[in-house]
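Take a look at the letters that make up each chain.
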Amino acid sequence: MEPIKVRVCVGTNCCFAGGESIIEALEDDADLAGFVKVEAIRCLDKTCAGGAESPVVTVGERLIKRATLEVVMEEIERQALPLILGAPDEEGRDA
Amino acid sequence: MPEVFERMRGLYTPCTDIRRKIFIGITRFVLSGKKPEDIDYLPFSIIDMGKPTYRCCSYKELSIVRQRVRLAFGLPLIEERNNTPVSAGIGQAFTRSKVLAAPIVNVITAACEKCPEDKVIVTNMCQTCMAHPCSIVCPVNAISFPEGGQAFIDQKKCIKCMKCVKACPYQSITRMVRPCAAACGVDAIHSDADGYAAIDQDKCVNCGLCTVSCPFAAISDKTELVQVLHQLMGPEESRPYALLAPSFVGQFGRLASPGAIAAGLRAVGFRGVREVALGADCDTILLAKRIAERKAGAAGIVEADEGASAAGVAASAPAAPRAFLGTSCCPSWVMTARRHFPAFAGNIAESFTPMVETARLIKEKDPGARVVFIGPCIAKKAEALEPELRPFVDHVLTFEELAAIFVAKDIDLAAIGPSEFPAEASSLGRGYAVAGGVAGAIAETAEKKYGAPPLAVAKADTLRNCRTMLSEIKAGKSSPDLVEGMACPGGCVGGPGTLMGLAAAKSEVGKFAGLAATRLPECECGGEE
Ligand code: FES
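Residues numbered from 1 in each chain as written. Chains lettered and ligands numbered in written order. Predicted model: local features only at pLDDT ≥ 70, side-chain atom pairs only at ≥ 80, totals over all residues. Heavy atoms only, no water.

S.K.: Tell me about the pattern of salt bridges, residues and numbers included.
M.R.: Residues and elements named next belong to chain B. Throughout the structure, instances matching the rule amount to 26 salt bridges over all chains. Residue Arg20 is joined to Glu400 by a salt bridge in which the shortest nitrogen-to-oxygen separation is 2.8 Å. Of this pair, Arg20 sits in helix α2 (residues 14-31) while Glu400 is found in helix α16 (residues 399-408), placing the two residues 380 residues apart along the sequence. Just as Arg20 is buried, Glu400 falls in that class too. Between Glu383 and Lys380 there is a salt bridge whose closest N-O contact spans 2.9 Å. Here Glu383 and its partner Lys380 are both found in helix α15 (residues 379-383), three residues apart, which amounts to about one turn of the helix. (Salt bridge = Lys/Arg side-chain N within 4 Å of Asp/Glu carboxyl O. Helix = DSSP H or I, 4+ residues; strand = E, 2+ residues; numbered from the N terminus. Buried < 20%, exposed > 50% of the residue type's maximum accessible area, 1.4 Å probe, protein only.)

Have a look at this one:
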């Protein structure tokens, strides 16, 4: 299975709004090792809007503005579960 | 269990969030040229009226934010009951001069939730078990089971021996201590008549660990942001120099190199950037020489030290003070050691701190220069208020306060390409930021440069541990040559004004120290006092 790419902006705006603590927490989380690949990135084309939308994180394809560790973890879990358990069936139940 | 200030460390909590929003808010306010009286509107741009996020209602949030704004401007709190507007006397904060005054660390009473000071309590997990070891081990018979229900502790009898806590098979009994008081290593926090936390300013040594330990952000320090901003906006020739404390490396994110931080400081208007590790080198040389001479049998120095404080010591000195030399760079440690162990007062070096030494280097060359120290430290704000040090250091900011200026001015340090950071200081000087680094630098320099024999070193971080260390020396359990004390856990890299996790910060400081041109200090002033 391809690891899910989590990219955390550590531009100054995002760092100051908590980006640094998000990336540190993800890197320190031994349970994530293997199926999540964490990467520190520079300012994402001013997605942060001067810090108002900071911190900015992408999990797979999904862009999360004003990210918090809770929201990022939830998204990682949402994307990782089908990979681990197999695709959900039509009704959305886990296989 | 980790110390209270370690538990929330590195997490971005709503307490961190509100503090940073205020710093950014007032920086933008000042930069946009708003008038002092407009300040009454500022709190409304920071909180959402009608949508209380943390407290019972918006009005309470509003009155707390008002107080935070006052402190961030460097002004005293407003008397809650008098209904004074935020703007009262705010005009005086709009200046390049110093307005900061003691007390630096303040309790915002409206934000304090009066948590129990220190209580052993039975939680809901109590199963009313048959064995009930809690009441069996209790030496004062404080535990009963009213109506056959859960255990109940009579607080009047409880002596907090913790025996029941250890005995309970369900871990249902716990000791609840006020986080601010638990964080305070000098027992300066008590309750006022209404049960709110209050700081005994005669005991407080301004370490600031309570400010980052209160889960309601009810304790806060004053800042000099507004006055520094006025200096930065002033005419070219009166712009200040930035002095970066050795712990600055890595604080602004992993993609912000030391060179980029220096470039960013110039971009927001600082005239020049020097590292405080330079002043640390002066101190290392001074103390290394002194301790080497002492070891070589030149006892004159010991007597000189004792003479300097003989007046204060004479009355309380039980026996001859041991001849150790104590480091002097952490003002909270120095205050704690002198107050709690007056017999040792003369053992702490009388030298200037690295901050002051570095400021002196600048002002000797350029007497009109203004100097802003930027560090992890709240105690430095108080140190710079000392009358004899005022001429050297004009203002003090924390890394967190500086970062707000970068954000408000839209400076992205991660986007600044590779830039040089001048290699001025030694690798040992750069190591002052981490606990053990100061004594390590002095011992290594004394041995390698001044031929001292291997030194016995004692060191401690956090004020509680520092006090234990000194008690042991006093009791004769150890007799070191050199003693290092640090108020913050892990040293300056663990200070309340830092932005980066401890482990990452330590490793960045180590890498930067490795880049220095020399390992041993070669200070410009040659270690003169
Ligand atoms: S700094 Fe993160 S998106 Fe701009």
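S.K.: Break down the sheet that holds strand β15 (residues 482-486) of chain B for me, with residues and values.
M.R.: Residue and element names in this part refer to chain B. The strand order β11-β15-β14 describes an open sheet built from three strands, whose pairing is parallel. The open sheet terminates on both sides in strands that have one partner only, identified here as β11 (325-326) and β14 (457-461). Note that β11 and β15 share two bridges and pair parallel. Considered in β15, the bridge of Gly326 is made with Val483. In the packing of helix α18 (residues 437-450) onto the sheet, contacts are made with β14 and β15, and the angle to β15 comes to roughly 155°. (Pairing = 2+ DSSP bridges. Contact = heavy atoms within 4.5 Å. Axes fitted to C-alpha atoms, helices over the stretch in contact; angles between N-to-C directions.)

S.K.: Residue-level account of a nonpolar patch on the surface, with values.
M.R.: On the surface, Met1, Leu81, Leu83, Ile84 and Leu85 of chain A cluster together into a nonpolar patch covering about 470 Å² of accessible area. With respect to the helices and strands, the residue Leu83 of chain A is situated in helix α2 (residues 69-85). (Patch = residues over 30% accessible without salt bridge, like charges linked within 9 Å, V, L, I, M, F, W, Y side chains within 5 Å. Areas by Shrake-Rupley, 256 points an atom, 1.4 Å probe, with all protein chains shown as cover.)

S.K.: How would you explain the confidence of the model for chain B if you had to name every residue and give the values?
M.R.: Residue and element names in this part refer to chain B. Considering every residue of chain B, the mean pLDDT works out to 90; 94% of them sit at 70 or more. Across chain B, the secondary-structure element scoring lowest on mean pLDDT is helix α12 (residues 310-314), at 41, and the one scoring highest is strand β13 (residues 395-398), at 98. Note that residues 298-321 has pLDDT below 50 and, in this model, 22 contacts with residues that lie over four places away or in other chains. Reported confidences for the modelled complex are a pTM of 0.90 and an ipTM of 0.88. (pLDDT = per-residue confidence, 0-100.)

S.K.: Tell me about the side chain of Ser332 of chain B, and name the residues and values.
M.R.: Residue and element names in this part refer to chain B. With respect to the helices and strands, the residue Ser332 is situated in helix α13 (residues 331-340). Judged by its relative accessible area of 2%, Ser332 is buried. A polar side-chain atom of Ser332 sits 2.8 Å from the main-chain carbonyl oxygen of Val205. In contact with Ser332, not counting residues within four places along its chain, are Val205, Asn206, Cys207, Ala379, Leu463 and Ala487. (Polar contact = N/O pair within 3.5 Å; in protein donor to acceptor, adjacent residues only side chain to side chain.)

S.K.: I'd love a proper account of the packing of aromatic side chains, names of residues and values included.
M.R.: Residues and elements named next belong to chain B. Evaluation of the coordinates by the stated rule reveals eleven aromatic pairs over all chains. Residues Phe252 and Phe406 carry aromatic rings whose centres are separated by 5.7 Å and whose planes lie at 85° to one another, so their mutual orientation is edge-to-face. Pair noted here: Phe252 is in the loop between β9 (241-244) and α9 (258-267) and Phe406 is in helix α16, with a separation of 154 residues, a long-range link. The pair formed by Phe252 and Phe406 is uniform in burial state, with each residue classed as buried. (Phe/Tyr/Trp six-rings, centres within 6.5 Å; stacked < 30°, edge-to-face > 60°.)

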